[in-house]
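Breakdown of the fold
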Amino acid sequence: MTTNWRAVQERLKALGFDPGYIDGVRGPKTDAAIIAFKRSVGLRPRAYFGPITEAALMGGAQQRARADIPWMAEASRMLGLHERRNTATLRKWFDASVSWIDPREIPWCGAFVATCIRAALPGETLPDNPLGARAWGGFGASCDPVFGAVLTFWRGSRAGWQGHVGFYWGEDADAYHVLGGNQTDAVTTTRIAKSRLLQARWPEGLPVTGRPILLTAAGTPLSQNEA
């Protein structure tokens, strides 16, 4: 695998992880930044930079796909932002419909999805309560789980009220890889068991341009609680 280390350093710096001088040469500071980034998105915190890390940081196959799905370009641009480390940035970024919340105090997975959708589709109708994860089960139109789809999941129990919402990033045999907010208190990609899926939705009236993206689990544990 050939790595463009200058691009990696620039992306790390943009997300707030200091790789040192931007010179395209991998060194101890770049490795430390990679470790910090991987820890922030739920990957094993080591300096190894393989396809999974590249996909999380730079987009991988998703980077090629997201050009036609603008809300995914917006979502992936925010990868790594943390509710405590980047509180002001998140609050400034949030769509007006949810801008009043403090992400340190209120679950914000719905706010993340709402903001990405509205940034790409300003006139799009959001759920009456976009902060309610399960409310997104009535958003737009039903679709298959594909790149860019809004996925809603149950938490606690299928019959309960708790849930989680995020965007389809990919999948492996057992889990969907979800790009979302409020995942370990940050914008990350995380694995959520397929058995917890409630709905896959797509903006009403738009052609479904996403496709399934097959990934590997790579030792990443299943998320148990996205609150």
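Please refer to the structure higher up on the page.
Counting starts from 1 at the beginning of each chain's written sequence and moves along it residue by residue. Only residues with pLDDT of 70 or above have their local features reported here, since the model is predicted, and side-chain atom pairs are shown and tallied only from 80 upward, although totals for entire chains, interfaces and linings are computed over all residues. Hydrogens and water are ignored here; the side-chain numbers use all heavy atoms of the structure.

1. A few points about the overall build of the protein
Within the protein, the secondary structure is distributed over 7 helices and 6 strands. Strands here are runs of E lasting at least two residues and helices are runs of H or I lasting at least four, both read from the DSSP assignment and numbered beginning at the N terminus. For the protein, the sequential pattern of α-helices and β-strands runs α-α-α-α-α-α-α-β-β-β-β-β-β. Taken over C-alpha atoms, the radius of gyration comes to 17 Å for the protein, in line with the 17 Å a tight globule of 227 residues would show. Overall, the C-alpha framework of the protein stretches about 50 × 40 × 35 Å when taken along its three principal axes. Relative accessibility thresholds used throughout: buried, under 20% of the residue-type maximum; exposed, over 50%; partly exposed, between the two (1.4 Å probe, protein chains only). Within the protein, the fraction of its 227 residues that count as buried is 53%. Any two residues whose heavy atoms approach within 4.5 Å are treated as being in contact. In the protein, 54% of the contacts between residues at least 6 apart in sequence involve partners at least 24 apart. Values of accessible area rely on a 1.4 Å probe in the Shrake-Rupley scheme; residue burial ignores everything except the protein chains shown. Surface exposure of the protein reaches about 10,400 Å², of which carbon and sulfur atoms provide 52%. Residues scored as charged are limited to Lys and Arg (positive) and Asp and Glu (negative), so that His and the chain ends carry no count. Every charge is mapped onto a representative atom, which is NZ of Lys, CZ of Arg, CG of Asp or CD of Glu. Averaging the locations of the 26 positively and 20 negatively charged side chains of the protein gives two centres separated by 5 Å. Radius of gyration means the value over C-alpha atoms here, while the globule rule gives 2.2 Å times the residue count to the 0.38 power.

2. So, the nonpolar core
Ranked by internal contacts, the top residues of the largest apolar core, which has 59 residues, are Trp 71, Phe 112, Leu 151 and Phe 167. Per-element tally for this core: the top contributor is helix 7 (residues 109–120), with 7 residues. Excluding its chain neighbours within four sequence positions, the residues that come into contact with Trp 71 are Cys 116, Ile 117, Ala 120, Leu 121, Gly 148, Phe 167, Trp 202, Pro 203 and Leu 206. What is meant by a nonpolar core is a set of buried Ala, Val, Leu, Ile, Met, Phe, Trp, Tyr and Cys residues, joined one to another through side-chain atoms within 4.5 Å.

3. Describing the pattern of salt bridges
Pairing of side chains with opposite charge becomes possible as their charged atoms draw close. Salt bridge, as used here, is a side-chain nitrogen of Lys or Arg placed within 4 Å of a carboxyl oxygen of Asp or Glu. Inspection of the entire model under this criterion finds 9 salt bridges. Salt-bridge contacts for Asp 31 lead to Arg 26; the nearest nitrogen and oxygen are separated by 2.5 Å. A relative accessible area of 22% means that Asp 31 is categorised as partly exposed. In this structure, a network of salt bridges that share partners links the residues Glu 83, Arg 84 and Asp 185.

4. Quick notes on the side chain of Glu 171
Locating Glu 171 in the fold gives a position in strand 3 (residues 163–171). Within 3.5 Å is the distance limit for a polar contact, defined as a pair of N or O atoms, with the added protein rule that one can donate a hydrogen and the other accept it, and that residues adjacent in sequence qualify only through two side-chain atoms. At a separation of 2.6 Å, a polar atom in the side chain of Glu 171 contacts the side chain of Tyr 168. Aside from chain neighbours lying at most four places away, what touches Glu 171 is Pro 145, Tyr 176, His 177, Lys 194, Pro 212, Ile 213, Leu 214 and Leu 215.

5. So, the packing of helix 2 (residues 28–40) against helix 3 (residues 51–58)
At their nearest, the axes of helix 2 and helix 3 sit 11 Å apart, and the two run at 80° to each other. Judged by the angle between their axes, helix 2 and helix 3 are roughly perpendicular. Contacts between helix 2 and helix 3 involve Ile 34, Phe 37 and Lys 38 on the former and, on the latter, Thr 53, Ala 56 and Leu 57. Throughout, the ten residues Ala, Val, Leu, Ile, Met, Phe, Trp, Tyr, Cys and Pro are labelled nonpolar, Asp, Glu, Lys and Arg are labelled charged, and all others, Gly among them, are labelled polar. For the contact of helix 2 with helix 3, the residue count by class is 4 nonpolar, 1 polar and 1 charged. To obtain an axis, a line is fitted to C-alpha atoms, over the contacting stretch when the element is a helix, and the angle between two such axes runs from 0 to 180 degrees between their N-to-C directions. Orientation is classified from the angle alone, with under 35 degrees giving roughly parallel, over 145 giving roughly antiparallel, 65 to 115 giving roughly perpendicular, and any other angle giving oblique.

6. A few points about the environment of Lys 38
Secondary-structure assignment places Lys 38 in helix 2. Ignoring anything within four residues of it in the chain, the contact list for Lys 38 reads Leu 43, Arg 44, Pro 45, Arg 46, Tyr 48 and Thr 53. Here Thr 53 takes part through its side chain, which lies 3.5 Å from a polar atom of the side chain of Lys 38.

7. Quick word on the side chain of Asp 102
Note that Asp 102 resides in the loop between helix 6 (87–93) and helix 7. Owing to a relative accessible area of 11%, Asp 102 belongs among the buried residues under this scheme. Not counting residues within four places of it along the chain, the set of residues in contact with Asp 102 comprises Thr 87 and Arg 91.

8. Things to note about the pairing of strand 6 (residues 197–202)
Taken residue by residue, a regular strand's side chains alternate between the two faces of the sheet. Two strands make a pair as long as DSSP finds a minimum of two bridges between them. Pairing of strand 1 (residues 141–142) with strand 6 involves 2 bridges; the strand directions are antiparallel. Its bridge partner being in strand 6, Ser 142 is matched across the sheet by Arg 201. In the sheet, strand 2 (residues 150–154) pairs with strand 6 via 4 bridges, with the strands oriented antiparallel. By the bridge assignment for strand 6, Phe 153 is matched with Leu 197.

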